[in-house]
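Architecture at a glance
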Amino acid sequence: MTSRLHPWLLVALLWVVALLNYIDRQVAFSVFPLLRGDLNASDVELGLISTVFLFVYGLLSPFAGYLADRFGRVRVILFSLLVWSAVTFLTGQVRGIGEMLWTRALMGVSEACYLPAALALIVEAHPRRSRSLAAGLHQSGTYTGMIMGGVWGGWMGEHYGWRPVFLILGGVGVGYFLVLWYFLRRREEKKAAAGEKPRFLSSLRRLVATRGFLFLAAVFAATSIANWLIYTWLPLFLYEKFGLSLTDAGFSATFYIQAASYAGILAGGYLADRWILHTPRGRLLTQVVGVGLGAPFLFLMGFTQSYILLVLALVTFGLGRGFYDCNTMPVLSQLVSSDLRSTGYGFFNLVGCLAGGFTAVFAGYLKATIGLSAAFQISAVLLLLSSLLLLRVRVSPDGIRPASASDDVN
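Described below are features of the structure shown in this document. (Residues numbered from 1 in each chain as written. Predicted model: local features only at pLDDT ≥ 70, side-chain atom pairs only at ≥ 80, totals over all residues. Heavy atoms only, no water.)

**Re the pattern of salt bridges**
Heads up, the rule is: Put simply, a salt bridge is a Lys or Arg side-chain nitrogen that is within 4 Å of an Asp or Glu carboxyl oxygen. Remark: exposure states derive from per-residue accessible area (1.4 Å probe, protein chains only) relative to the maximum for the residue type, with buried under 20%, exposed over 50%, and partly exposed in between. Working definition: helices are DSSP H or I runs of at least four residues, strands are E runs of at least two. Numbering for both runs from the N terminus.
As enumerated under the stated definition, the model contains nine salt bridges in all. For Arg-73, the salt bridge identified is with Asp-69, shortest N-O distance 2.5 Å. For Arg-73, a relative accessible area of 5% puts it in the buried group. Here Asp-69 falls in the buried class, since its relative accessible area comes to 16%. Residue Glu-240 is joined to Lys-367 by a salt bridge in which the shortest nitrogen-to-oxygen separation is 3.4 Å. Taken as a pair, Glu-240 in helix H10 (residues 213–241) and Lys-367 in helix H15 (residues 341–369) lie far apart in primary sequence, 127 residues in all. The network of salt bridges with shared partners includes Asp-69, Arg-73, Glu-124 and Arg-341.

Structure follows, in structure tokens:
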């Protein structure tokens, strides 16, 4: 692939898209009390706002990734940004909870197209010495979006109501589409040669047949279980176990992990980009360190009675998560060929969303039976087992087409 766009400028441009992506996702949760009153929604219907988006997003991610692999990642990214921004704008004009659920489903369709295509584009634009750091910096846009979606969305809702939140975000997204189109319109992507247009199911079969791919998908599911357990239940856990106020519980449940994750993607990206120069398994081993680091501290999170140790556990878990996140697509790119990378990451999103969605519900059952502390400890054990799965994966050096599933890959 050739390009007239500097690889780091590409990261900067897509960082803003990732930021908008996650603000648009998270902002609805920060205005739940307003939505409940204005749309006359029950708590169950409010919960469906998250569930509908998550399941549609996850189920369509593999196919969305396939579209990017087959028809061009730039086209799919631009389409995704324009559509989800328009849907966000329309969300600010819904008249009932039914219309709200439809707009969240449409947002799941459009946002499913973005992340697999963007990460594959970044990895292919960067040389092996900077791929993990580039992917990590892009990932920081999602972390920032999660924070801004909660803080800015809550402030806007409190002062101006919930509708302007969605109207402003939708307008900004449509405006940024024009900026992104201007910079990416000249980007040239490799086209598949005549006759080389694999079908969707054929691409999935090739992925599943690739040795190590299902191991990577299982690890992605395990990390999603841990993440969604924390996103959904950690604030309440801190409120009940440590007697924190709602404000303090919300702050502690997000700030320490997110801040440490920023450090983790920078440190993990730098480490992986240096380690890969000495062994093809450098990026993979960085993920092993991250997952292995996070597991015992997630266990400690559910075990300790000390707030100081709790904060230490949150910080260390976030650091390990950053090590893992910044290397997900770079490791996948060492396992599968270029025409399968977006599809492969879309498959990761599928298993991650399904695992995370069911975890959020099942943890509620565990809370009523064995308690949330035990739920965190079970998740920690799954993470530890995942680090052992990662050690069994064999990858090729960056930029070299991996061997087939029947061959040994060193």
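**Looking at the packing of helix H1 (residues 7–30) against helix H5 (residues 97–111)**
Describing two packed helices takes the angle between their axes plus the distance from one axis to the other. Just so we agree on the cut-off: Every axis in this analysis is a line fitted to C-alpha atoms, fitted for helices over the stretch in contact. Angles between the N-to-C directions lie between 0 and 180 degrees. The scheme is simple: roughly parallel for angles under 35 degrees, roughly antiparallel for over 145, roughly perpendicular for 65 to 115, oblique for anything else. Working rule for handedness: look at the near helix, and if it is turned counterclockwise from the far one by less than a right angle, call the crossing left-handed; if clockwise, right-handed. Whether two residues are in contact is decided by their heavy atoms: any pair within 4.5 Å suffices.
The geometry of H1 relative to H5 is characterised by a closest axis approach of 12 Å and an angle of 160° between their N-to-C directions. Between H1 and H5, the interaxial angle falls into the category roughly antiparallel. Seen from above, H1 lies across H5 with left-handed handedness. For the pair H1 and H5, contact is made by Asn-21, Asp-24, Arg-25 and Ala-28 and by Arg-104, Met-107 and Glu-111, respectively.

**Some thoughts on the nonpolar core**
This is how the line gets drawn: Throughout this description, the term nonpolar core refers to a set of buried Ala, Val, Leu, Ile, Met, Phe, Trp, Tyr and Cys residues connected via side-chain atoms within 4.5 Å.
Counting residues in each nonpolar core, the largest one holds 93 residues, and the members touching the most others are Leu-14, Tyr-114, Leu-180, Leu-234, Leu-238, Leu-298 and Met-301. Counting residues per element, this core draws most heavily on H10, which supplies 13 residues. Beyond its immediate stretch of four places on either side in the chain, Leu-180 contacts Leu-13, Leu-14, Val-17, Ile-77, Leu-78 and Leu-81. In this structure, Leu-19, Ala-28, Met-156 and Leu-169 belong to the second largest nonpolar core, which totals 19 residues.

**Some points on the environment of Ser-245**
In this structure, Ser-245 sits in the loop between H10 and helix H11 (246–275). Overall, Ser-245 belongs to the partly exposed group, its relative accessible area being 36%. With 145 residues separating them along the chain, Ser-245 and Met-100 place their C-alpha atoms 31 Å apart.

**Focus: unusual backbone geometry**
Its identity as a non-glycine residue notwithstanding, Asn-40 has a phi of 55°, on the positive side. Mapped onto the secondary structure, Asn-40 falls in the loop between helix H2 (32–38) and helix H3 (43–71).

**Comments concerning empty space enclosed by the protein**
To keep things clear, this is the line we draw: Grid spacing is 1 Å over the protein atoms alone, the probe is 1.4 Å, and a cavity is where that probe fits but cannot get out, while a pocket is an open set with protein on both sides within 12 Å along at least five of seven lines and lining residues have an atom within 4 Å of a point. Grid points are joined across faces, edges and corners, and a volume is the space filled by probe spheres set on the points. Throughout this entry, Asp, Glu, Lys and Arg are counted as charged residues, while Ala, Val, Leu, Ile, Met, Phe, Trp, Tyr, Cys and Pro are counted as nonpolar. The remaining residues, Gly among them, count as polar.
Taken as a whole and judged by the stated rule, the model has four cavities of 30 Å³ or more. The computed volume of the largest cavity comes to approximately 500 Å³. Lining the largest cavity are 27 residues, and of these Tyr-22, Arg-25, Asn-227, Trp-228 and Tyr-231 lie nearest its centre. Residue assignment for the lining of the largest cavity shows that the elements contributing at least two residues are H1, H3, helix H7 (131–160), H10, helix H13 (307–325) and H15. Sorting elements by how many residues they give to the lining of the largest cavity places H10 first, with six residues. Residues belonging to the lining of the largest cavity are distributed by class as follows: 14 nonpolar, 10 polar and three charged.

**Observations regarding the layout of surface pockets**
Approximately 1700 Å³ is the volume found for the largest pocket. As for the largest pocket, its lining consists of 39 residues, of which Phe-29, Ser-30, Tyr-231, Thr-232 and Pro-235 are closest to the centre. Elements with a contribution of two residues or more to the lining of the largest pocket: H1, H2, H3, H7, H10, H11 and H15. Here the element with the most residues in the lining of the largest pocket is H11; it accounts for 10 residues.

**Quick word on helix H6 (residues 114–125)**
Note the threshold: Any helix carries an expected span of 1.5 Å times its number of residues minus one.
With 12 residues, H6 extends 16 Å from end C-alpha to end C-alpha; this agrees with the ideal 16 Å at 1.5 Å per step. Judged by how many residues are buried, H6 sits mostly within the fold: 11 of 12 residues are covered. All buried positions along H6 are accounted for by Tyr-114, Leu-115, Pro-116, Ala-117, Ala-118, Leu-119, Ala-120, Leu-121, Ile-122, Val-123 and Ala-125.

**With respect to the state of the cysteines**
Disulfides are covalent bonds that connect the sulfur atoms of two cysteines. To keep things clear, this is the line we draw: To count as a disulfide, a pair of cysteine sulfur atoms needs to be within 2.5 Å.
Summed over all chains, the structure comprises zero disulfides. Not part of a disulfide, Cys-353 finds its nearest cysteine sulfur in Cys-113, a span of 13 Å.

**Remarks on H15**
Rules: The angle separating two fitted axes, one through the seven residues that finish at a residue and one through the seven that start at it, defines the bend at that residue.
For H15, spanning 29 residues, the distance from its first C-alpha to its last is 41 Å, which sits close to the expected 42 Å at 1.5 Å a residue. The largest bend in H15 comes to about 30°, at Ala-360. Downstream of H15 by a residue or two, Gly-371 has a phi angle that is positive, lying close to 95°.

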